[in-house]
Amino acid sequence: MATKHSGHGIIRLLSHRVTSIPRMTILSIVLLICSLLNMIALKNENLRYVDSQLKPYADNFMVDALARGKNLDASDMSIIFGLEDVSDMDVVGMCRSRGFEHRIEIRKYVWDMLTTEEKEMLVYHEMAHCLLKRNHCNKKIRNVPVSIMSSMMIDYSVYKLNRDKYVNELFDKNAKCK
């Protein structure tokens, strides 16, 4: 014979059990759940995000790195348009690091004026700061920068003709400017 339950007995049973648990245990459980939710939220902030206009250049950087024997982890890197908080208008891109998290910011209005080669140089330059720990290299030969890590942009036509040389230098652990 089947009996019909309204469900109220289950609620009474649960409320009886909850009231029999010491209040400190309930508080500890609530604090543990809040801590876990906070950890999940912080982890989600570290997920890699690359603006769709910047992504092809970031992807090419990773391919070029792998082709030169560098298997880099960029899982905690974001590349976005930003720099609104930087008043020096000569700053076009910046790598900001906090622990293992890296965020590259690029000025959008400058980006829109760059050639394809200049866009690549800018993203490669900033990614090299973040992932390769490269500093600026302002060495020149015949008044031409020898590295993408120059603080001044290389003329796009010079870069285009010498791209392999510049990219090889960027990933070379024995580069003269390190």
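The structure contained in this document is the topic of the report that follows. Here the structure is a predicted model, which means the values were calculated and not measured.

**Topic: the overall build of the protein**
Then, number 1: What the protein contains, in helices and strands, is seven helices and six strands.
Then, number 2: For the protein, the N- to C-terminal ordering of α and β elements is α-α-β-α-β-β-β-α-α-β-β-α-α.
Then, number 3: Intrachain contacts of the protein at a sequence separation of at least 6 include 57% that bridge at least 24 residues.
Then, number 4: Working note: accessible area of the protein is about 12,100 Å², and carbon and sulfur atoms make up 59% of it.

**Section: the pairing of strand 2 (residues 77–81)**
Then, number 1: Across the five residues that make up strand 2, a large majority, four, are buried.
Then, number 2: Of the strand pairs in this sheet, strand 1 (residues 49–50) and strand 2 are connected by two bridges, and their pairing is parallel. Looking at the pairing, Tyr-49 lines up with Ser-78 of strand 2.
Then, number 3: Read as a crossover between parallel neighbours, the route from strand 1 over helix 3 (residues 55–67) to strand 2 is left-handed.
Then, number 4: In this sheet, strand 4 (residues 101–106) lies alongside strand 2 in parallel orientation, the contact comprising five bridges.

**A few points about unusual backbone geometry**
Then, number 1: Positive phi outside glycine occurs at Leu-83, with the angle close to 75 degrees.
Then, number 2: In this structure, Leu-83 sits in the loop between strand 2 and strand 3 (93–98).
Then, number 3: By relative accessible area, which is 0% here, Leu-83 ends up buried.
Then, number 4: In the Ramachandran plot, Arg-142 falls in the positive-phi region, its phi being about 50 degrees despite a non-glycine side chain.
Then, number 5: Relative to the helices and strands, Arg-142 resides in the loop between strand 5 (140–141) and strand 6 (144–145).
Then, number 6: Under the relative-accessibility criterion, Arg-142 is labelled exposed at 78%.

**Here's the deal with helix 5 (residues 116–132)**
Then, number 1: Over its 17 residues, helix 5 extends 23 Å from the first C-alpha to the last, a length consistent with the 24 Å expected when each residue adds 1.5 Å.
Then, number 2: Burial within helix 5 is extensive, with 16 of its 17 residues counted as buried.
Then, number 3: The positive-phi residue at the C-terminal boundary of helix 5 is Lys-133, with phi of around 60 degrees.

**Notes on the pattern of salt bridges**
Then, number 1: All chains considered together, the criterion is met by 11 salt bridges.
Then, number 2: Across the pair Arg-98 and Glu-101 runs a salt bridge, and its minimum N-O distance is 3.2 Å.
Then, number 3: Lys-160 is the partner of Glu-117 in a salt bridge, and the nearest nitrogen-oxygen pair spans 3.8 Å. Within this pair, whereas Glu-117 is found in helix 5, its partner Lys-160 is found in helix 6 (residues 156–161), the two being separated by 43 residues in sequence.
Then, number 4: Since its relative accessible area comes to 17%, Glu-117 is described here as buried.
Then, number 5: Classification of Lys-160 as exposed rests on a relative accessible area of 56%.
Then, number 6: Each of Asp-64, Arg-68, Glu-120 and Arg-163 takes part in a single network of salt bridges with overlapping partners.

**A closer look at the pairing of strand 3**
Then, number 1: Bridge analysis of strand 3 against strand 4 gives six bridges, and the strand direction is antiparallel. Across the sheet, Gly-93 pairs through a bridge with Ile-106, a residue of strand 4.
Then, number 2: In sequence, strand 3 turns back onto strand 4 through a hairpin of two residues, with Gly-99 there showing a positive phi of about 65 degrees.

**Focus on the packing of helix 3 against helix 5**
Between two packed helices, what matters for the description is the angle formed by their axes and the separation of those axes.
Then, number 1: Running from amino to carboxyl end, helix 3 crosses helix 5 at an angle of 60 degrees, the nearest separation of the two axes being 9 Å. With respect to helix 5, the element helix 3 is oriented oblique. When you trace helix 3 past helix 5, the crossing you get is right-handed. For the pair helix 3 and helix 5, the contacting residues are Tyr-57, Ala-58, Asn-60, Phe-61, Met-62 and Asp-64 in the first and Thr-116, Lys-119, Glu-120, Val-123, Tyr-124, Met-127, Ala-128, Leu-131 and Leu-132 in the second.
Then, number 2: Split into classes, the residues belonging to the contact of helix 3 with helix 5 amount to 10 nonpolar, two polar and three charged.

Thresholds applied
Residues numbered from 1 in each chain as written. Predicted model: local features only at pLDDT ≥ 70, side-chain atom pairs only at ≥ 80, totals over all residues. Heavy atoms only, no water. Helix = DSSP H or I, 4+ residues; strand = E, 2+ residues; numbered from the N terminus. Contact = heavy atoms within 4.5 Å. Areas by Shrake-Rupley, 256 points an atom, 1.4 Å probe, with all protein chains shown as cover. Buried < 20%, exposed > 50% of the residue type's maximum accessible area, 1.4 Å probe, protein only. Pairing = 2+ DSSP bridges. Right-handed = clockwise from strand over helix to strand, strands pointing away. Expected span 1.5 Å × (residues − 1). Salt bridge = Lys/Arg side-chain N within 4 Å of Asp/Glu carboxyl O. Axes fitted to C-alpha atoms, helices over the stretch in contact; angles between N-to-C directions. Parallel < 35°, antiparallel > 145°, perpendicular 65-115°, else oblique. Left-handed = near helix turned anticlockwise from the far one by under 90°. Nonpolar A, V, L, I, M, F, W, Y, C, P; charged D, E, K, R; others polar.

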